[in-house]
Amino acid sequence: DARVTQTPRDKVTEMGQEVTMRCQPILGHNTVFWYRQTMMQGLELLAYFRNRAPLDDSGMPKDRFSAEMPDATLATLKIQPSEPRDSAVYFCASSNRARGVVPMNTEAFFGQGTRLTVV
Amino acid sequence: RKEVEQDPGPFNVPEGATVAFNCTYSNSASQSFFWYRQDCRKEPKLLMSVYSSGNEDGRFTAQLNRASQYISLLIRDSKLSDSATYLCVVNPGGYNKLIFGAGTRLAVHP
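Because the structure is predicted, anything quoted here is derived from the model rather than measured.

1. Remarks on the sheet that holds strand 7 (residues 65–71) of chain A
Residue and element names in this part refer to chain A.
Alright, step 1. Reading across from one edge, 1-3-8-7 is the order of the four strands in this open sheet, with antiparallel pairing throughout. Whereas interior strands pair on both sides, the edge strands pair on one side only; in this sheet they are strand 1 (5–7) and strand 7. If you compare each strand with its neighbour and ignore which way they point, the axes differ by 20 degrees on average.
Alright, step 2. Where strand 1 and strand 3 (residues 19–24) come together, three bridges link them in antiparallel fashion. Paired with T7 across the bridge in strand 3 is R22.

Right, dumping it as structure tokens:
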């Protein structure tokens, strides 16, 4: 049963520490998304990649957040230094879109999320 | 103005009721539309895509009104298990980018 895997599931850290979240997309999927979910803002798109290339990271605070895909099986989201306002659930999702195909029914599959608490 | 807007609810309905949610989107060039469901402390999962002609999947009916830029979801004969948050999702065009609304919470009671 193919699924998106995120680690860690829960992370509590002190303000100022570096946090790294990892995501293994579904094998063969060519698009990876990072979302952040809070009660106040809902699901916000932070960044997404197509074939490992970053397409849009305009939703991400550039001074402290960075997202990369070192290879097709791993996406990372890093926060350095972390702040209490970064506390949220971070979701990774993957999907597959064939070249040139209008994305009418492209489903995004989500991982179970990383619940981050910065104290 | 947010790209995708939904009434946060909660909608509290008895079992068997019919309930409808609406969602509006700001980008008239948006290409595709979806409803996702999210249970408490779980990840969002695709409920159904929304087609221009409207589509139905069992007790669920989705409709799209491009002229008014809104999407609707109708749930008939509500079940306790329908209690969840329903997320309206829009692809504004281009690279399969998915923008989520904040969600509408539904609580179905006995």
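2. Describing the environment of E56 of chain B
Residues and elements named next belong to chain B.
Alright, step 1. If you trace the backbone, E56 turns up in strand 6 (residues 55–57).
Alright, step 2. Judged by its relative accessible area of 57%, E56 falls in the exposed class.
Alright, step 3. Sequence spacing of E56 and V13 is 43 residues, and the spatial spacing of their C-alpha atoms is 21 Å.
Alright, step 4. Leaving out residues up to four positions away in the same chain, E56 has contacts with M48, T61 and R76.

3. Focus on the interface of chain B and chain A
Alright, step 1. With 23 residues of chain B in contact, the opposing surface of chain A contributes 26 residues.
Alright, step 2. With both chains or domains summed, chain B and chain A bury close to 2000 Å², and 52% of this area falls on carbon and sulfur atoms.
Alright, step 3. Counting every contact that joins chain B to chain A gives one salt bridge.
Alright, step 4. We note a salt bridge from D56 of chain A to K97 of chain B, for which the minimum N-O separation is 2.9 Å.
Alright, step 5. Going through the elements one at a time, strand 4 (32–38), strand 5 (45–50), strand 9 (84–91) and strand 10 (99–100) of chain B are the ones with two or more residues in the side of chain B that touches chain A.
Alright, step 6. The element that contributes the greatest number of residues to the side of chain B that touches chain A is strand 4 of chain B, accounting for four residues.

4. Brief notes about the state of the cysteines
Alright, step 1. If you walk through the whole model with that rule in mind, you get two disulfides over all chains.
Alright, step 2. Here C23 of chain A connects covalently by a disulfide to C92 of chain A, the sulfurs 1.9 Å from one another. The S-S bond linking C23 of chain A to C92 of chain A shows a torsion near -60 degrees; that makes this disulfide left-handed. You can see C23 of chain A sitting in strand 3 and its partner C92 of chain A sitting in strand 9 (residues 88–95), a full 69 residues away along the chain. When sorted by exposure, C23 of chain A lands in the same class as C92 of chain A, which is buried.
Alright, step 3. Here C23 of chain B pairs with C88 of chain B through a disulfide, and the sulfurs are 2.0 Å apart. Here the disulfide of C23 of chain B and C88 of chain B is left-handed, its torsion about the S-S bond being about -70 degrees. Taken together, the positions of C23 of chain B in strand 3 (residues 19–25) and C88 of chain B in strand 9 put the pair 65 residues apart, joining distant regions of the chain.
Alright, step 4. We classify C88 of chain B as buried; its relative accessible area is 0%.

The rules behind each value
- Residues numbered from 1 in each chain as written.
- Chains lettered and ligands numbered in written order.
- Predicted model: local features only at pLDDT ≥ 70, side-chain atom pairs only at ≥ 80, totals over all residues.
- Heavy atoms only, no water.
- Pairing = 2+ DSSP bridges.
- Helix = DSSP H or I, 4+ residues; strand = E, 2+ residues; numbered from the N terminus.
- Axes fitted to C-alpha atoms, helices over the stretch in contact; angles between N-to-C directions.
- Buried < 20%, exposed > 50% of the residue type's maximum accessible area, 1.4 Å probe, protein only.
- Contact = heavy atoms within 4.5 Å.
- Buried area = accessible area lost by both parts, 1.4 Å probe.
- Salt bridge = Lys/Arg side-chain N within 4 Å of Asp/Glu carboxyl O.
- Disulfide = S-S within 2.5 Å.

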